[in-house]
Amino acid sequence: MKKAWWKILALLLLVYTVVGGFLMDVPRLPILNETIRNLYFHVCMWFGMMILFIISFIYSVKYLRGFNLRNDIYAHHFAAVGTFFGILGYVTGTIWANYTWITDQSQSLGSVLKEPKLIGAAIAILIYGAYFVLRGSFTDMDKKARVSAVYNIFAFALLFPSIWIIPRMVGSLHPGAPGSDSGNPALNFKDIDSRLRMVFYPAVIGWTLLGVWIATLKIRIQLIRDKNLINE
Amino acid sequence: MISRTFALLKKDLLLEFRQQHTFYGILLYIASTIFVIYLSIDKPDAIVWNGLFWVIQLFISVNAVAKSFLQESRGKMLYFYTLVSPVEFVIAKIVYNIVLMILMSLISLGLFFLFLGNPVNDAAWFTAMVVLGGASISMVFTLMSAIAAKAQQNAALIAILGFPVILPQLLLLMRLSKVAFAEVFREGMVLQLAGLIIGLDVLVMAMAVILFPYLWKD
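Residue numbering note: each chain is counted from 1, following its sequence as written. To label them, take the chains in the order written and letter them from A, then take the ligands in the order written and number them from 1. Local features are withheld for residues below a pLDDT of 70 in this predicted model, meaning they are given only at 70 or higher, and side-chain atom pairs are given and counted only at 80 or more; totals for whole chains, interfaces and linings count all residues. Side-chain numbers here rest on the full set of heavy atoms in the structure, without hydrogens or water.

## Topic: the overall build of chain A
The helix and strand inventory of chain A stands at six helices and zero strands. Numbering of helices and strands starts at the N terminus; helices are DSSP runs of H or I of at least 4 residues and strands are runs of E of at least 2. Scanning chain A from its N terminus toward the C terminus, one meets helices and strands in the order α-α-α-α-α-α. Accessible area for chain A stands at about 11600 Å²; split by element, carbon and sulfur atoms hold 67% of it. Each accessible area is a Shrake-Rupley estimate made with a 1.4 Å probe; only the visible protein chains count as cover when residues are assessed.

## Re the side chain of Arg37 of chain A
Residue and element names in this part refer to chain A. Of note, Arg37 is situated in the loop between α1 (5-23) and α2 (42-66). For Arg37, a relative accessible area of 11% gives the class buried. Setting aside residues up to four positions removed in sequence, Arg37 forms contacts with Gly20, Gly21, Phe22, Leu23, Met24 and Val26. The buried label goes to any residue with under 20% of its type's maximum accessible area, the exposed label to any with over 50%, and the partly exposed label to all in between, with areas taken from a 1.4 Å probe on protein chains only. In what follows, residue pairs with any heavy atoms lying within 4.5 Å of each other are defined as contacts.

## Quick word on the interface of chain B and chain A
Every contact between the two is made by 32 residues of chain B and, on the other side, 28 residues of chain A. Summed over both partners, buried area is the accessible surface (1.4 Å probe) that two parts give up on being assembled. Between chain B and chain A, a total of about 2600 Å² is buried, with carbon and sulfur atoms accounting for 83% of that surface. Whenever Lys or Arg places a side-chain nitrogen within 4 Å of a carboxyl oxygen from Asp or Glu, that contact is recorded as a salt bridge. Inspection of the chain B/chain A interface yields zero salt bridges. Polar contacts here mean pairs of N or O atoms no more than 3.5 Å apart (in protein, one a potential hydrogen donor and the other a potential acceptor; neighbouring residues in sequence count only if both atoms are side-chain atoms). Viewed at the interface, chain A and chain B are joined by three residue pairs in polar contact (both at pLDDT 80 or more). For the side of chain B that touches chain A, the elements supplying multiple residues, two or more each, are α6 (123-150), α7 (155-177) and α8 (189-216) of chain B. In the side of chain B that touches chain A, the residues fall into 24 nonpolar, three polar and five charged. Here the nonpolar group is Ala, Val, Leu, Ile, Met, Phe, Trp, Tyr, Cys and Pro; Asp, Glu, Lys and Arg are the charged ones; every other residue, Gly included, is treated as polar.

## Looking at the packing of aromatic side chains
Working definition: rings of Phe, Tyr and Trp (its six-membered ring) pair if their centres are within 6.5 Å, and the pair is stacked with planes under 30 degrees apart, edge-to-face with planes over 60 apart, and tilted otherwise. Taken as a whole, this structure holds 34 aromatic pairs over all chains when the rule is applied. Grouping aromatic residues by their ring pairs yields a cluster made of Trp49, Phe53, Trp54, Phe112, Phe113, Phe126 and Phe181 of chain B.

## What about a nonpolar patch on the surface?
Residue and element names in this part refer to chain A. Each patch is assembled from residues with relative accessible area greater than 30% and no salt bridge, linking like charges that lie within 9 Å and nonpolar side chains (Val, Leu, Ile, Met, Phe, Trp, Tyr) that lie within 5 Å. There is a patch of nonpolar side chains on the surface, built from Leu11, Val15, Val18, Val19, Phe22 and Leu23 and spanning about 590 Å² of accessible area. Here Val19 is to be found in helix α1. Owing to a relative accessible area of 43%, Val19 belongs among the partly exposed residues under this scheme.

## Here's the deal with the pattern of salt bridges
Residue and element names in this part refer to chain B. Counted according to the given criterion, the structure contains four salt bridges over all chains. Here Lys11 and Asp12 are joined by a salt bridge, their closest N and O atoms 2.9 Å apart. Residues participating in the shared-partner salt-bridge network are Lys11, Asp12 and Lys93.

## Structural notes on the packing of helix α4 (residues 116-136) of chain A against α7 of chain B
Under this scheme, a helix contributes an axis fitted over its contacting stretch, all axes are lines through C-alpha atoms, and angles between N-to-C directions fall in the 0 to 180 degree range. With their axes 9 Å apart at the nearest point, α4 of chain A and α7 of chain B run at an angle of 160° to one another. In terms of axis orientation, α4 of chain A runs roughly antiparallel to α7 of chain B. The hand of the α4 of chain A/α7 of chain B crossing is left-handed. Where α4 of chain A abuts α7 of chain B, its residues Ile119, Ile123, Leu126, Ile127, Ala130, Val133 and Leu134 of chain A lie against Leu157, Ile160, Leu161, Pro164, Val165, Leu167, Pro168 and Leu171 of chain B. In the contact of α4 of chain A with α7 of chain B, the residues fall into 15 nonpolar, no polar and no charged. Each angle gets one of four labels, with under 35 degrees taken as roughly parallel, over 145 as roughly antiparallel, 65 to 115 as roughly perpendicular, and the rest as oblique. Should the near helix be turned counterclockwise from the far one by less than a right angle, the crossing is left-handed, whereas a clockwise turn marks it as right-handed.

## Comments concerning the confidence of the model for chain B
Residue and element names in this part refer to chain B. Looking at chain B as a whole, the pLDDT averages 85, with 99% of positions reaching at least 70. Scored between 0 and 100, pLDDT is the confidence that the predictor attaches to each residue. Least confident of the elements in chain B is helix α4 (residues 74-83), whose mean pLDDT is 80; most confident is helix α5 (residues 86-116), at 90. Reported confidence for the predicted complex is 0.85 by ipTM and 0.85 by pTM.

## Some words on unusual backbone geometry
Notably, Phe67 of chain A is not glycine yet its phi reads approximately 55°, a positive angle. Note on placement: Phe67 of chain A falls in the loop between α2 and α3 (69-100).

## With respect to the environment of Ile30 of chain B
All names here are of chain B. Along the chain, the position of Ile30 falls in helix α2 (residues 20-40). The class of Ile30 is buried, set by a relative accessible area of 0%. Ile30 sits 30 residues away from Ile60 along the chain, and the two C-alpha atoms are 6.8 Å apart. Excluding residues within four positions of it along the chain, Ile30 makes contact with Ile60, Met104, Ser108 and Leu111.

## Thoughts on the packing of α6 of chain B against α8 of chain B
Residue and element names in this part refer to chain B. Look at α6 against α8: their axes get within 10 Å of each other, and the N-to-C directions meet at 20°. In terms of axis orientation, α6 runs roughly parallel to α8. As α6 runs across α8, the sense of the crossing is left-handed. Residue-level contacts link Trp125, Leu132, Ser136, Met139, Val140, Leu143, Ala146, Ile147 and Lys150 of α6 to Val190, Ile197, Ile198, Asp201, Val204, Met205, Ala208, Phe212, Leu215 and Trp216 of α8. For the contact of α6 with α8, the residue count by class is 16 nonpolar, one polar and two charged.

## Considerations on the side chain of Ser136 of chain B
Inspection of the secondary structure puts Ser136 of chain B in helix α6. If near-sequence neighbours (up to four positions away) are discounted, Ser136 of chain B is found in contact with Ile166, Gln169, Ile197 and Asp201 of chain B.

## Some remarks on the environment of Trp6 of chain A
All names here are of chain A. Position of Trp6 relative to the elements: it lies in helix α1. Along the primary structure Trp6 and Leu209 are separated by 203 residues, whereas in three dimensions their C-alpha atoms are 7.4 Å apart. Those residues within four positions of Trp6 in sequence are excluded, and the remaining contacts are Leu209, Val212, Trp213 and Thr216. A polar contact is formed between the side chain of Trp6 and the backbone oxygen of Lys3, at a distance of 3.2 Å.

Below is the structure:
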């Protein structure tokens, strides 16, 4: 029970997110209106994805330092759950964009897909797709672990500027791009109404903990499967 | 260290001169691709021209750079392993691929001018972009080729691994090369973009030097 406190915390935070997110008062802004509630889901998915990818990156580095297969399994499953969160982020974003960015019905989703933030997200998902393809093309476990760790580190190093730097330099429909009043794409912490903040911060923590929880479950299954391969 | 890197570079260049069929193979690839484009669209406008040019660069790079690691047999790699350090080896490969790719890019630029017309206002700027772009693309694909060679896979895997990684740089290059089409940029933007591309190049180089030793041992 001692170790389970963060799982209970995740559960409580997510219940609070869903209940509070749908029932509590939110500021009504033009165009956005009630869709602002998607902030608790959509933005949290990206936070969760990025944190899971960072964890995966750290485990890849750890693998290359000691060649312990356990670290490779960690890196693999954190990346997998991160990618899943990325896809969920896309889905929630699509719904949101459908109500806010697309003004008339003849305008298709294709016209908003060229958005710098969306390109960054697409790159992230493509990179991790390639990572899984690369993993699948090996039969030797040690070689697979080593080469995919190298690719994970390299790809992450290039993913970082494409998500955090480039969108800041070009115009965007997301709030906070140059041209609008703040410097931070997607989110400006100073802009957020305090009513939103009360749910948003717990939501980020809750969703991220849920992602870590899913990943640890997958890792534990994999560790049991490969028990005889990993010599401690 | 520098002398050994040079020796490796010289060996690759010599090999290229002795086995000219691969070089001419890529040349033919470039020429036929551009000829196909010429037959399908006569005189594309500036935006299409720019887009096509960079996409073609990408595919040339996959073909030209792919062989750099795939051509080395297992025995040869073992031989190099006893002679040089991995850092020297990867730097030699990268420099060689940069030279090769810049040459190929310039040839394809010439063919583009010849077949598809010249919508470029500032040819010097665009040529500079082509050199910078060729170098950036070849660097990324050198490391991807090293990874794909380990998986004993063909050029298809290089494309799968490399395209998402090169995308940010490619987008920046496409944007920056629009300066040559007389697009006006915000003040300081050009310098910022160029700095970002060069910064990414430095990052790729650093990652290659750090990570290649792990690919090297078998």
